Amino acid sequence: IKKQQQDVLGFLEANKIEFEEKDIAANEENRKWMRENVPEESRPASGNPLPPRLFNDSRYLGDYNAFFEARENNAVYAFLGLTAPPGSKVGEHL
């Protein structure tokens, strides 16, 4: 989990994409918010959804696997619901 979180954070920081990190380990309110905002079809069969989970405001975008796939397809900005900066190759459509 930690490696996946670092991978997502590293990408966002390297591409100067603004984000807010919510710690669900130390904050019960953040943990509850994540559980409530991950759609039913994206939850594991048992237990709670594990991080990292990506949101644009309260709109659920996906988990690490969805992020990784978007990155591999040069579609991260589209995945995040953002406009790619001019000259970016990471802005193609999904």
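Placed above this text is the structure.
Residues numbered from 1 in each chain as written. Predicted model: local features only at pLDDT ≥ 70, side-chain atom pairs only at ≥ 80, totals over all residues. Heavy atoms only, no water.

The description of two helices packed together rests on the angle between their axes and the distance between the axes. Remark: helix α1 (residues 2–14) packs on helix α3 (residues 64–72), axes separated minimally by 11 Å, with the N-to-C direction vectors making an angle of 45 degrees. When the interaxial angle is binned, α1 and α3 end up oblique. Crossing of α1 over α3 shows left-handed handedness. For the pair formed by α1 and α3, the contact residues are Q4, D7, V8 and F11 on the first element and Y64, F67 and R71 on the second. Counted by class, the contact of α1 with α3 contains four nonpolar, one polar and two charged residues. (Axes fitted to C-alpha atoms, helices over the stretch in contact; angles between N-to-C directions. Helix = DSSP H or I, 4+ residues; strand = E, 2+ residues; numbered from the N terminus. Parallel < 35°, antiparallel > 145°, perpendicular 65-115°, else oblique. Left-handed = near helix turned anticlockwise from the far one by under 90°. Contact = heavy atoms within 4.5 Å. Nonpolar A, V, L, I, M, F, W, Y, C, P; charged D, E, K, R; others polar.)

Let us now look at the packing of aromatic side chains. Enumeration according to the criterion identifies six aromatic pairs in this entry. Here the aromatic rings of Y64 and F67 are separated by 6.4 Å at their centres, their planes lie at 40 degrees, and the arrangement is tilted. Placement of the pair is Y64 and F67 together in helix α3, with a separation of three residues, close to one helical turn. F67 sits in the buried class, given a relative accessible area of 0%. Through a chain of ring-to-ring contacts, the aromatic side chains of F11, Y64, F67, F68 and F79 assemble into a single cluster. Here K22 stacks its cationic end above the ring of W33, 4.6 Å away from the centre of that ring. (Phe/Tyr/Trp six-rings, centres within 6.5 Å; stacked < 30°, edge-to-face > 60°. Buried < 20%, exposed > 50% of the residue type's maximum accessible area, 1.4 Å probe, protein only. Lys NZ or Arg CZ within 6 Å of the ring centre and 35° of its normal.)

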